[in-house]
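Remarks on the overall topology
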Amino acid sequence: MTEAGRPAPGWPGIEPRWTSSTKSAVGTAMGEASRVWFTASHGILNEIYFPEVDTACLRDAGFIVTAADFLSEEKRHCTPAVEWLAPGVPAFRFRNTCNLGRYVIEKRICTSPEYDVVLQHVRFTPLVGSLADYTLTLVLSPHLGNHGAGNTGWLGQQKGDDVFFAQRDRYALAAVSTADWVRRTVGFAGPEDAWHDLQDNGRLTRIYDRAENGNVALAGEIDLVGCGGEFVIAIGFGGDPDTAALHARAALADPYDDVERRYAAPWQTWQDSLVALDEPPDSAGLPLYRSSAAVMKSHMSMNCDGGSIASLSVPWGSSKGDGDLGGYHLVWPRDMVETASGLLAIGAHEDMRAMLRFLAVTQEQDGHWPQNMWLNGTAYWNGIQLDETAFPILLVDLAVREGAAGTRGAATWWDMVRRAAVYVAMHGPRTGQDRWEEDGGYSPFTLAVAISGLLAAADLAVGFNEPALAAWLRDTADDWNSSIEKWTYAAGTPLADRCGVAGYYVRIGSADAVAPPLGVVDLKNRGADRTKIAAADMVSGDALALVRFGLRDAHDPRILDTIRVIDALLLTETRNGPTWHRYNEDGYGEHEDGSPFDGTGIGRGWPLLAGERAHYEIAAGNRAFALRLAAAMRRQAGLGGFLPEQIWDAPDMPELELYNGSPSGSAMPLVWAHAEYAKLLHSLMDGRIFDQPSQTVARYLSQVNRPRISVWSFAHQQSALVVGRTLRLDLPRPATIRWTTDAWVTSTDTATAVIAPGAHAADIATAGLEPGRAVEFTFLWNDSGSWEGRNFQISVA
């Protein structure tokens, strides 16, 4: 008999890991009283987040069933089935059937609307034998504060009730049950833990009451006979152990059915308020509209009003540890705006405005947003992506057009828009990284978003009596738009010849003029054998953004040729429909043998790219194909109706749970994919692209646009000036520009004008210069009285 009351051996336990990212349930209570979010996969609870949607506090909590000569782990040895409580109400019912036909575990899962508690109502039913023949043990793994290491767990009581406790820094967990515990223990994950004890002995025999500062697991055997196989587990959270226990115990005061009804009612009311975009009855695949709405809503913060993360998951979590603190539970401004526009598409205007408020208070002083950040606005990665600063402008513009900007309209958001637009104009058109957080250069996607954002901001500037700013933004947009082909279109390449086309838009243009070999692009996450590729050979679906955002016509021959190349290189047909890779030579995905992405791998198909292609097909008038792609997205959803980041597009590997056309080990649900699907339904209803800006269509598709300005800035030091255009110099500070067109035989001084804070501009009279002439210039900075100390030159081409 093991002595009770002693500390657990095996400190600090094995290196912690997260768990499966292929979620089949995600939920949270509406309102601000409860601050927990739950996820589930393989029939069990896994990550639970508290007190914010960016902070995971649990790895998983599942059951192990033992009997004479029998051990069955619920998450590995059962076939799960899941259903929503009601369409779009994220409370779930699981039925986990033992693969050997010995038992069924039925669960109902929701959160308390009043407390920081996740509840699961459990019913264990023997299919062979009786309750007395089985031992049912709950094993729960705290990973508090986004860390699996450094947790302390212990056994205790509160007011006479048995409680499992865990704590790490300012995060605490407490688990209680309506059923009695036959025996309980706590230990470090590893050879001495409860799983190995159950494997060796069929029930808990190694009883310890404390495991300190490590990777810990809590385990308790349920009194199955005493509760008749039916009980409720409450997992509560707080800033201290007593608060967590109080919440857990209080949440059990009412019958589970009553709590579930209170949880479901506001969700049902919210769903009833949305635009009726439900799929037709004969739609292929799972119905996704209501679940997409719930996914977007349930990934929002309750405390940081409007903050929204990319996914309640850690991609390939079983191979990721504490070194990957963020997972996907971070704010990406791009993903957040995509989600906000998805909420706008379904009629959730208040939620969209909350996201705008969050964007307004997390914007940096110079106008940009971090590449990604925690909910308190602290940057996680340190990259800067131009489209992430332009996207919020487009969200405001869309909200204004849809009559959803709020009581003060655009006035509420004008300062945010102005600062963002100035940042884009002064730091573009090259992007620090593309939208996939990888290579930098001239990206068709980023250019489309940035140019659209500048024009949208210009329209708003007119309304706020800033005509000089409006004209400046439009001139910049016109200049960049006229250069898209110069920067990103490749013609006469071997790839074009192989595909039988004249040319195509590349993924990243790395030079001022595109001509083979267009430099090279460093490939990240590809492995040592593939380190560089000619930029002219890199193709992605990002060029479709030129149509999505209204810069190029859907029937433009260059677009049509690019689509032929995209389909030749990136399209894969799966048993659940077509899918597209992000770009050729992509390395973000499982390896060829199905092992998890570990910094290297092979890119897989993305369902959201089918949505983007469907939007192109709507613009091209191909509604039938767009409907087919919407159906493919539904078929590619996982158990529970969630869209993954990627699907497996190779032959089945059942031993790794990888099936052709079904979710891979990447993030699921990917909120951006659900937003894209919701917008697609709205676009199909309207027969036009829901989020297409009107300004670009009017300026570049409905009329012939001839730019009059060529822009030079420190961020964009172009070397050639288009003949007949005026050279504009954009500077961050007031200056006097000394310039010459005759190699300094004569010179002229021109003062900059204030456009907006951080933007000063001067036009140089170059429109009459002939090709071959050059303009040289330098700057006297007015604030310091000092010269720049170097000359710059631009030639007329």
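Fair warning: this is a prediction, and the values are worked out from it, not measured in the lab.

**Regarding the overall build of the chain**
- Each helix and strand counted, the chain has 20 helices and 33 strands in total.
- A compact globule built from 797 residues would reach a C-alpha radius of gyration of about 28 Å, and the chain, at 29 Å, matches this within 12%.
- Once the C-alpha set of the chain is aligned to its principal axes, its extents read approximately 100 × 55 × 50 Å.
- The burial tally for the chain puts 61% of its 797 residues in the buried class.
- Of the contacts made within the chain by residues no fewer than 6 positions apart, 68% connect residues no fewer than 24 positions apart.
- Just so you have it, the chain exposes about 27600 Å², and 51% of that area is on carbon and sulfur atoms.
- Averaging the coordinates of the 67 positive side-chain charges in the chain and doing the same for the 97 negative ones gives two points 3 Å apart.

**Overview of the packing of aromatic side chains**
- Following the criterion strictly, the structure yields 39 aromatic pairs and no others.
- On the numbers, 5.8 Å between centres and 85 degrees between planes, the contact of Trp 332 with Trp 381 is edge-to-face. Taken together, the residues Trp 332 in the loop between α6 (289-298) and α7 (333-345) and Trp 381 in the loop between α8 (349-362) and α9 (386-401) connect sequence positions 49 residues apart.
- Taken together, Trp 316, Trp 436, Tyr 588, Phe 597, Trp 606 and Trp 672 form an aromatic cluster joined through their ring pairs.
- Sitting above the plane of the Phe 70 ring, Arg 102 keeps its charged end 4.2 Å from the centroid.
- The lysine or arginine in question, Arg 435, covers the ring of Phe 445, its NZ or CZ lying 4.0 Å from the ring centre.

**Remarks on the sheet that holds strand β11 (residues 151-158)**
- With antiparallel pairing, 9 strands are arranged side by side in an open sheet as β6-β7-β8-β9-β17-β13-β12-β11-β15. Single-partner strands in this sheet number two, and they are β6 (78-86) and β15 (210-214). Between one strand axis and the next, the sheet turns through 20 degrees on average, direction left out of account.
- Two elements, strand β12 (residues 161-168) and strand β13 (residues 171-177), share 5 bridges in a ladder whose sense is antiparallel. Note that in β13 the partner of Ala 166 across the bridge is Leu 173.
- Packed onto the sheet, helix α4 (residues 241-251) meets β9 (117-126), β11, β12, β13 and β17 (230-238) and runs at close to 35 degrees relative to β13.

**Comments concerning the pairing of β6**
- For β6 and strand β7 (residues 89-98), the ladder comprises 8 bridges, and the chain directions are antiparallel. By the bridge assignment for β7, Pro 80 is matched with Asn 96.
- Between β6 and β7, which pair antiparallel in sequence order, lie 2 residues; one of them, Gly 88, sits at a positive phi of approximately 80 degrees.

**Details of the side chain of Asp 561**
- Inspection of the secondary structure puts Asp 561 in helix α16 (residues 557-570).
- The charged side chain of Asp 561 is buried without a salt bridge, its nearest counter-charge being Arg 564 at 4.9 Å.
- Not counting chain neighbours up to four residues away, the residues in contact with Asp 561 comprise Tyr 489, Val 501, Ala 502 and Gly 503.

**Section: unusual backbone geometry**
- Put simply, Trp 11 and Pro 12 share a cis peptide bond, and its omega is 0 degrees.
- Mapping Pro 12 onto the fold places it in the segment before β1 (25-28).
- Residue Pro 429 is bonded to the preceding Gly 428 through a cis peptide linkage, with omega at 5 degrees.
- Take Pro 429: it is sitting in the loop between α10 (414-427) and α11 (444-463).
- Its identity is not glycine, yet Lys 159 carries a phi of approximately 55 degrees, on the positive side.
- You can call Lys 159 exposed: its relative accessible area is 74%.
- In the Ramachandran plot, Asn 213 falls in the positive-phi region, its phi being about 60 degrees despite a non-glycine side chain.
- The topology assignment puts Asn 213 in strand β15.
- Asn 213 sits in the partly exposed class, given a relative accessible area of 42%.

**Remarks on the sheet that holds strand β29 (residues 753-756)**
- Pairing is mixed across the open sheet formed by 4 strands, whose spatial order is β24-β26-β30-β29. Pairing within the sheet leaves two strands with one partner each, and these edge strands are β24 (709-713) and β29. Pairwise comparison of adjacent strand axes, ignoring direction, gives a mean angle of 35 degrees for this sheet.
- Looking at chain direction, strand β26 (residues 726-731) and strand β30 (residues 759-764) are connected through 5 bridges and run antiparallel. Along β30, the bridge assignment pairs Arg 728 with Asp 763.

**Let's talk about helix α5 (residues 256-272)**
- The end-to-end C-alpha distance of α5, which contains 17 residues, comes to 24 Å, matching closely the 24 Å that a straight helix rising 1.5 Å per residue would cover.
- A bend of about 25 degrees at Ala 264 is the largest found in α5, and the proline Pro 266 appears one to four places after it.
- Considered for burial, the residues of α5 that qualify are Tyr 256, Val 259, Glu 260, Tyr 263, Ala 264, Trp 267, Trp 270 and Gln 271.

**Observations regarding the nonpolar core**
- Ranked by size, the top nonpolar core spans 229 residues in total, and within it Ile 235, Ile 346, Trp 472 and Tyr 504 carry the most contacts.
- If you tally residues by element for this core, the top one is α11, at 13 residues.
- Those residues within four positions of Ile 235 in sequence are excluded, and the remaining contacts are Leu 45, Ile 48, Ala 61, Asp 116, Val 117, Val 118, Leu 140, Leu 173, Ala 174 and Ala 175.
- Grouped together as the second largest cluster of nonpolar side chains are 18 residues, Leu 731, Val 775, Trp 781 and Ile 794 included.

What counts, and where the lines are drawn
- Residues numbered from 1 in each chain as written.
- Predicted model: local features only at pLDDT ≥ 70, side-chain atom pairs only at ≥ 80, totals over all residues.
- Heavy atoms only, no water.
- Helix = DSSP H or I, 4+ residues; strand = E, 2+ residues; numbered from the N terminus.
- Rg over C-alpha atoms; globule rule 2.2 N^0.38 Å.
- Buried < 20%, exposed > 50% of the residue type's maximum accessible area, 1.4 Å probe, protein only.
- Contact = heavy atoms within 4.5 Å.
- Areas by Shrake-Rupley, 256 points an atom, 1.4 Å probe, with all protein chains shown as cover.
- Lys, Arg positive; Asp, Glu negative; His and termini not counted.
- Charge placed at Lys NZ, Arg CZ, Asp CG, Glu CD.
- Phe/Tyr/Trp six-rings, centres within 6.5 Å; stacked < 30°, edge-to-face > 60°.
- Lys NZ or Arg CZ within 6 Å of the ring centre and 35° of its normal.
- Pairing = 2+ DSSP bridges.
- Axes fitted to C-alpha atoms, helices over the stretch in contact; angles between N-to-C directions.
- Salt bridge = Lys/Arg side-chain N within 4 Å of Asp/Glu carboxyl O.
- Expected span 1.5 Å × (residues − 1).
- Bend = angle between axes of the 7 residues up to and from the residue.
- Core = buried A, V, L, I, M, F, W, Y, C linked by side-chain atoms within 4.5 Å.

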